[in-house]
Amino acid sequence: MAEYLLTGRTPEGKKATERVEAASADDAVKTLRDRGYTEIVLHTDDVMAQCAGPGLTNQFITPADHVVMRRLGQWGYMLFVLAKLYRQGWSLNLLAVGFLVFRRVMAYPWGFLDVLAIGWLLMPLVVVLVGQFLGPARKYNELIEQVAWGRWEETLRLLPAIRSKIPPQEAAVREAQALAGLGRLDEGLAVLQPFAGGNRIPEWMYWGLVADVYLTAQQTDRALEAEERAAALAPDNPTVLVGLALTVLRFRRDTARARALLQEAKKHQISDVLAPFLEMTEGILAFEEGHAHQAVERLEKALAAATRFVHASPLVGAMIDRMHTYLALAYAGTRDYAAAQRHFAIAEPRLRALRSDDLLRRCRQVLGQ
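For the structure given in this document, a descriptive report is provided here. This one's a predicted model, so the numbers in the text were calculated from it and none came from an experiment.

**Section: helix H18 (residues 337–353)**
Here is step 1 of the chain: Taking 1.5 Å of rise per residue, the 17 residues of H18 would be expected to cover 24 Å, and the 24 Å separating its terminal C-alpha atoms lies within 8% of that figure.
Here is step 2 of the chain: Its axis deflected by about 40° at Ala347, H18 carries its strongest bend there, up to four residues before the proline Pro349.
Here is step 3 of the chain: Of all the residues in H18, the buried ones are Ala339, Ala340, His343, Phe344, Ala347, Glu348, Arg350 and Leu351.
Here is step 4 of the chain: The inward-facing, buried residues of H18 contact helix H7 (136–148), helix H16 (292–307), helix H17 (314–333) and helix H19 (357–367).
Here is step 5 of the chain: A positive phi of about 55° marks Arg355, the residue just after H18.

**Section: the packing of aromatic side chains**
Any two aromatic rings considered together are summarised by their centre-to-centre distance and by the angle between their planes.
Here is step 1 of the chain: This model, assessed by the stated rule, comprises 2 aromatic pairs.
Here is step 2 of the chain: When the ring centre of Trp110 is taken as origin, the NZ or CZ atom of Arg104, which lies over that ring, is 3.8 Å away.
Here is step 3 of the chain: Between the NZ or CZ atom of Arg350 and the centre of the ring of Trp149, over which it lies, the distance is 3.9 Å.

**A word on the pairing of strand S1 (residues 2–9)**
Here is step 1 of the chain: The element S1 is largely enclosed, with a buried count of 7 among its 8 residues.
Here is step 2 of the chain: Pairing analysis gives 8 bridges linking S1 to strand S2 (residues 15–22), with the strands arranged antiparallel. Of the residues in S2, the one forming a bridge with Thr7 is Thr17.
Here is step 3 of the chain: Where S1 hands over to S2, the hairpin turn is made up of 5 residues, of which Gly13 adopts a positive phi near 95°.
Here is step 4 of the chain: As paired strands, S1 and strand S3 (residues 38–42) are joined by 3 bridges and run antiparallel to one another. The partner of Arg9 across the bridge, within S3, is Thr38.

**Here's the deal with the pattern of salt bridges**
Here is step 1 of the chain: Tallying each qualifying case throughout the model produces 23 salt bridges.
Here is step 2 of the chain: A salt bridge links Glu282 to Arg298, with the nearest nitrogen and oxygen atoms 3.0 Å apart. You can see Glu282 sitting in helix H15 (residues 275–288) and its partner Arg298 sitting in helix H16, a full 16 residues away along the chain.
Here is step 3 of the chain: Judged by relative accessible area, which is 13%, Glu282 ranks as buried.
Here is step 4 of the chain: Since its relative accessible area comes to 25%, Arg298 is described here as partly exposed.
Here is step 5 of the chain: By sharing partners, the salt bridges in this structure join Lys266, Glu279, Glu282 and Arg298 into a single network.

**Some words on the environment of Lys266**
Here is step 1 of the chain: For Lys266, the location among the structural elements is in the loop between helix H14 (255–265) and H15.
Here is step 2 of the chain: Under the relative-accessibility criterion, Lys266 is labelled partly exposed at 44%.
Here is step 3 of the chain: Put simply, Lys266 and Gln218 are 48 residues apart on the chain and 29 Å apart in space, counted from C-alpha to C-alpha.
Here is step 4 of the chain: Not counting residues within four places of it along the chain, the set of residues in contact with Lys266 comprises Leu278 and Glu282.

**With respect to the packing of H18 against H19**
Here is step 1 of the chain: Here H18 crosses H19 at 155°, and the two axes come no closer than 11 Å. Judged by the inter-axis angle, H18 sits roughly antiparallel to H19. When the axes of H18 and H19 are compared, the crossing they make is left-handed. Contacts from Tyr337, Ala340, Gln341, Phe344, Glu348, Leu351 and Arg352 of H18 reach H19 at Leu359, Leu360, Cys363, Arg364, Val366 and Leu367.
Here is step 2 of the chain: Considering only residue class, the contact of H18 with H19 consists of 9 nonpolar, 1 polar and 3 charged.

**A few points about the nonpolar core**
Here is step 1 of the chain: One finds Leu192, Val210, Val213, Met280 and Leu299 to be the most contacted residues of the largest nonpolar core, which totals 71 residues.
Here is step 2 of the chain: Judged by nonpolar contacts, the second largest core, of 13 residues, contains Ala2, Leu6, Ala22 and Val29.

**Overview of unusual backbone geometry**
Here is step 1 of the chain: Even without glycine at this site, Ala107 takes up a positive phi of about 60°.
Here is step 2 of the chain: Note that Ala107 resides in the loop between helix H5 (90–105) and helix H6 (112–134).
Here is step 3 of the chain: We classify Ala107 as exposed; its relative accessible area is 62%.
Here is step 4 of the chain: Positive phi outside glycine occurs at Arg253, with the angle close to 55°.
Here is step 5 of the chain: By the secondary structure assignment, Arg253 is in the loop between helix H13 (238–251) and H14.

The rules behind each value
Residues numbered from 1 in each chain as written. Predicted model: local features only at pLDDT ≥ 70, side-chain atom pairs only at ≥ 80, totals over all residues. Heavy atoms only, no water. Helix = DSSP H or I, 4+ residues; strand = E, 2+ residues; numbered from the N terminus. Expected span 1.5 Å × (residues − 1). Bend = angle between axes of the 7 residues up to and from the residue. Buried < 20%, exposed > 50% of the residue type's maximum accessible area, 1.4 Å probe, protein only. Contact = heavy atoms within 4.5 Å. Phe/Tyr/Trp six-rings, centres within 6.5 Å; stacked < 30°, edge-to-face > 60°. Lys NZ or Arg CZ within 6 Å of the ring centre and 35° of its normal. Pairing = 2+ DSSP bridges. Salt bridge = Lys/Arg side-chain N within 4 Å of Asp/Glu carboxyl O. Axes fitted to C-alpha atoms, helices over the stretch in contact; angles between N-to-C directions. Parallel < 35°, antiparallel > 145°, perpendicular 65-115°, else oblique. Left-handed = near helix turned anticlockwise from the far one by under 90°. Nonpolar A, V, L, I, M, F, W, Y, C, P; charged D, E, K, R; others polar. Core = buried A, V, L, I, M, F, W, Y, C linked by side-chain atoms within 4.5 Å.

Set out below in C-alpha cells:
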C-alpha cells in the first residue's frame, strides 16, 4: 500500500484534502468516491507515491499543507512554515509578548526572564532558517538542480552528503545518471542492478530508472526498450505511459504508438502534476501530425499549468524548457517566427547543457540558423 493525497468535496459540501492508503492511484480515487466525495483531484500519482514512501504528511504538515507547499518557492515555503509554527504556539507567544510589554511598561530592568521570552519568540524563526539553509531539503534541491542541467561531476560531488537522507533508489539513479553522463554507462547500470528483480522497488520502476540512465548516455534505442518493459509491467500507470509516449515521439516520431499510449493513459486517474505533461505530450503529438496551430494551443496551455509547479523540483524547470522547445517548433510551423525565436532563446541553454542535439538541430533548421 502507498500513500496518496487527494482533494475533493465531502458529502457535506466542504472541500477537504485527504491522505489515502491504497494499492494504486485509481484505487485511492475510488476510495474517496465510495465515501461520497465529488470533484476529486489527485495530487499523488503512482510514481510519486513510490518515490515519497510513507510519512508524506504528519501531525505538523497536513495533507492540505503539503499540497500548498508544492507551489511555494524558497521564501514562500519559509514564510508558510514560520506562520504555521507561530499559529501552533499562539497562546504561549501571546503570553511572551504580554510579559515583555508588561515589563517594559513597569520599567523593570532587563533580566533572564526577558531573554527567555525573546528566545521563545525567536525560536520558530531560528528553526525555519536552520532547516531551510542547513537541512537535507536544500541539499537535495541543489543536487537535483545539477541533474536538471546535466552537471554530472557536481552531482557526484554533492551526492555523498545527501545519500542517507533520500530513498536509496533515488540516490542510485542520480549516481547512475551522473556516471552515464560522464561516459561510464556500465558503472552506472551496475549501481542500479541491486534494485532489479522487484524486491526493493517495483520492477516497472526499476526499468524506468534504467531508461533514465540510457537517455542520459544518449542510448535512445536501449532507453526505449527499457521504457517499453516498464509499460508492459505497469500497463495501468499513466505516468509510465505518458513518459513512453513522449520518448516515442521525440526519437521515433511514431504518432500512432504515441496516440495509443495516451489514450490508454487517459483511462486512468491523472494527477494534477501529471496533467500539464500529458497536455504537453498531446501538443507534441499534434505537431508531429502536422497540426501546428493545435500544437501551439495545447503547448501554451501545458506551459501555463506546469508553471504553477515550477518550485516543486528543478526537474519541472527542465520539462518546462522542453515545452519551450516544442513551442519554438510549433510556432515556426504557423510561420510566427518571432514567437518561435522567443521560445527557442529560452530553451536553448538547457538543450545545450543536456546535449539534446536532435532538438537543437530541428529548432535551428526551422529558424534558418
